[in-house]
Amino acid sequence: MLPIYDVIQIEDFIDEKSGRTKPWVVFANTPEGLKTYVVKLFTTAQINSFCLNNEVICNFLATEFELPVPKCVLLNIPEEITMNLEPEHQQQYYNADPRPKFATELISDVNSAILGLPKSIYKNRIEIDTTYGFDNLIRNYDRGQIKTNLLLSAESAYLIDHELAFNPKYIADINFNSFYIEDNFSKYHLFYSYLKQSTFKSKSSYFEEFEFFLNSLNVNKLNEYFHFLYNEGFPNNQSEIMAWLAQVKQNIRKFVELLRISIQ
């Protein structure tokens, strides 16, 4: 299950002008030696809104769709190593929830994706239709055209920041007889325009891989993650997420068809 490591040094701070969490870059001791992580200092209110749970669950789910994500862990940050920080960072530490923090391995030599890049830049690094389908599955409206939450390296692209996924507003009491893909999950998605402007031939094969992975997905694998998080003292949104995913699994063909309709 998710390892929990201790931070031994705070290295840097990421300036997220459009973000909420202002992550830190830290060094932590691991069985493989010293590793560098990007850690989010969620507040208790954010934890209670399931931000950490969503990060963990979506990190795992992405791997089930063969979408690249940085490997995640939980980190403890000892108070004593924060004593010499600037006041604003000390305050951020004290405002953070005291439980272990969500973190991902730092990936070197990456840049944030920006709107307007050639389609080939993305297609050579990640399956754009599978990513679009995945974000609709986890009800993630936060991979947009301004804040893309996608890191590009020379050969790959990495999905990050899934704290806003699985909002109960978008997964509870859903009736698939009237369900459709809303604009905030389609028109404002980073890859929407690339998919919509594709040729008819390309569109005809979109979401085939996504459908294959969705058919193969064993949602029961998530139970051990929910159990682990609950044992670590985190709130539990297992029933809501599992109910939504079970409903999608029962309506795979319709869900995929709605994805195709949304980019027509």
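Residues numbered from 1 in each chain as written. Predicted model: local features only at pLDDT ≥ 70, side-chain atom pairs only at ≥ 80, totals over all residues. Heavy atoms only, no water.

1. Observations regarding the state of the cysteines
And step 1. In total, this model carries 0 disulfides according to the counting rule given.
And step 2. Free of any disulfide, Cys51 has its nearest neighbouring cysteine sulfur in Cys58, separated by 11 Å.
And step 3. On the basis of relative accessibility, which here comes to 4%, the residue Cys51 falls in the buried class.
And step 4. Free cysteine Cys72: the closest other cysteine sulfur is in Cys58, separated by 10 Å. (Disulfide = S-S within 2.5 Å. Buried < 20%, exposed > 50% of the residue type's maximum accessible area, 1.4 Å probe, protein only.)

2. So, the side chain of Ser262
And step 1. Structurally, Ser262 is set in helix 12 (residues 252-262).
And step 2. Among the polar contacts listed, one links the side chain of Ser262 to the side chain of Tyr132, at a separation of 2.8 Å. (Helix = DSSP H or I, 4+ residues; strand = E, 2+ residues; numbered from the N terminus. Polar contact = N/O pair within 3.5 Å; in protein donor to acceptor, adjacent residues only side chain to side chain.)

3. What to know about helix 11 (residues 238-250)
And step 1. Compared with the 18 Å implied by 1.5 Å per residue over 13 residues, the 18 Å span of helix 11 between its first and last C-alpha is a close match.
And step 2. Of all the residues in helix 11, the buried ones are Ile241, Met242, Trp244, Leu245, Gln247 and Val248.
And step 3. Looking at the buried side of helix 11, the elements it contacts are helix 2 (51-64), helix 5 (128-137), helix 6 (168-171), helix 9 (208-216), helix 10 (222-231) and helix 12. (Expected span 1.5 Å × (residues − 1). Contact = heavy atoms within 4.5 Å.)

4. Quick notes on empty space enclosed by the protein
And step 1. Within this structure, the stated rule accounts for 1 cavity of 30 Å³ or more.
And step 2. Empty space within the largest cavity amounts to approximately 40 Å³.
And step 3. Lining the largest cavity are Lys40, Phe42, Ile47, Leu52, Asp97, Arg99, Pro100, Lys101 and Phe102.
And step 4. For the lining of the largest cavity, the per-class residue count stands at 5 nonpolar, no polar and 4 charged. (1 Å grid on protein atoms, 1.4 Å probe; cavity = no way out; pocket = protein on both sides within 12 Å on 5 of 7 lines; lining within 4 Å. Points joined across faces, edges and corners; volume = space filled by probe spheres on them. Nonpolar A, V, L, I, M, F, W, Y, C, P; charged D, E, K, R; others polar.)

5. Things to note about the environment of Phe27
And step 1. Relative to the elements of secondary structure, Phe27 occurs in strand 2 (residues 24-30).
And step 2. Taking the C-alpha atoms as reference points, Phe27 and Leu159, 132 residues apart in sequence, are found 22 Å from one another.
And step 3. Apart from residues lying up to four places away in sequence, Phe27 is in contact with Asp6, Val7, Ile8, Gln9, Glu11, Leu34, Lys35 and Thr36.

6. A few points about the packing of aromatic side chains
And step 1. For the structure shown, the criterion picks out 23 aromatic pairs.
And step 2. Relative to Phe191, the ring of Tyr122 has its centre 5.0 Å away and its plane inclined at 65°; by these criteria the two rings are edge-to-face. Here Tyr122 is found in helix 4 (residues 119-123), whereas its partner Phe191 is found in the loop between helix 6 and helix 7 (192-196), with 69 residues between them in sequence.
And step 3. Given a relative accessible area of 1%, Tyr122 falls into the buried group.
And step 4. A connected cluster of aromatic rings, assembled from ring pairs, spans Phe65, Phe134, Phe176, Phe179, Phe210, Phe212, Phe213, Trp244 and Phe255.
And step 5. When the ring centre of Phe185 is taken as origin, the NZ or CZ atom of Arg139, which lies over that ring, is 4.1 Å away. (Phe/Tyr/Trp six-rings, centres within 6.5 Å; stacked < 30°, edge-to-face > 60°. Lys NZ or Arg CZ within 6 Å of the ring centre and 35° of its normal.)

7. Section: the layout of surface pockets
Rolled over the atoms, a probe as big as a water molecule pinpoints where empty space is left.
And step 1. Roughly 160 Å³ of volume is contained in the second largest pocket.
And step 2. Together, Met1, Leu2, Pro3, Val56, Asn59, Phe60, Thr63, Val69, Pro70, Lys71, Cys72 and Tyr225 line the second largest pocket.
And step 3. It is helix 2 that contributes the most residues to the lining of the second largest pocket, 4 residues altogether.
And step 4. Looking at the lining of the second largest pocket, its residues break down into 9 nonpolar, 2 polar and 1 charged.

8. Some words on the sheet that holds strand 5 (residues 101-105)
And step 1. Judged by pairing direction, the barrel is mixed, and its 5 strands sit side by side in the order 1-2-3-5-4 before closing back on the first. Pairwise comparison of adjacent strand axes, ignoring direction, gives a mean angle of 55° for this sheet.
And step 2. Sheet analysis places strand 1 (residues 4-13) next to strand 4 (residues 72-76), joined by 3 bridges and oriented parallel. For Asp6, the partnering residue across the bridge sits in strand 4 and is Asn76.
And step 3. Most of the contacts of helix 2 go to strand 5, to which it runs at about 30°, and overall it touches strand 3 (33-40), strand 4 and strand 5. (Pairing = 2+ DSSP bridges. Axes fitted to C-alpha atoms, helices over the stretch in contact; angles between N-to-C directions.)

9. Observations regarding unusual backbone geometry
And step 1. Of note in this structure, Asn149 is not a glycine but carries a positive phi near 50°.
And step 2. Relative to the assigned elements, Asn149 resides in the loop between helix 5 and strand 7 (150-152).
And step 3. In this structure, Asp161 is a non-glycine residue whose phi angle is positive, near 60°.
And step 4. Tracing the backbone through its elements, the reader meets Asp161 in the loop between strand 8 (157-159) and helix 6.

10. Quick word on the nonpolar core
And step 1. If you look at the biggest cluster of nonpolar residues, it comprises 67 residues, and the most contacted ones within it are Leu61, Leu150, Phe166 and Trp244.
And step 2. Among residues more than four places away in sequence, those in contact with Trp244 are Asn136, Leu137, Arg139, Phe166, Tyr170, Ile171, Ile174, Phe176, Phe179 and Phe255.
And step 3. Tyr37, Val73, Leu85 and Ala96 belong to the second largest nonpolar core, which has 16 residues in total. (Core = buried A, V, L, I, M, F, W, Y, C linked by side-chain atoms within 4.5 Å.)

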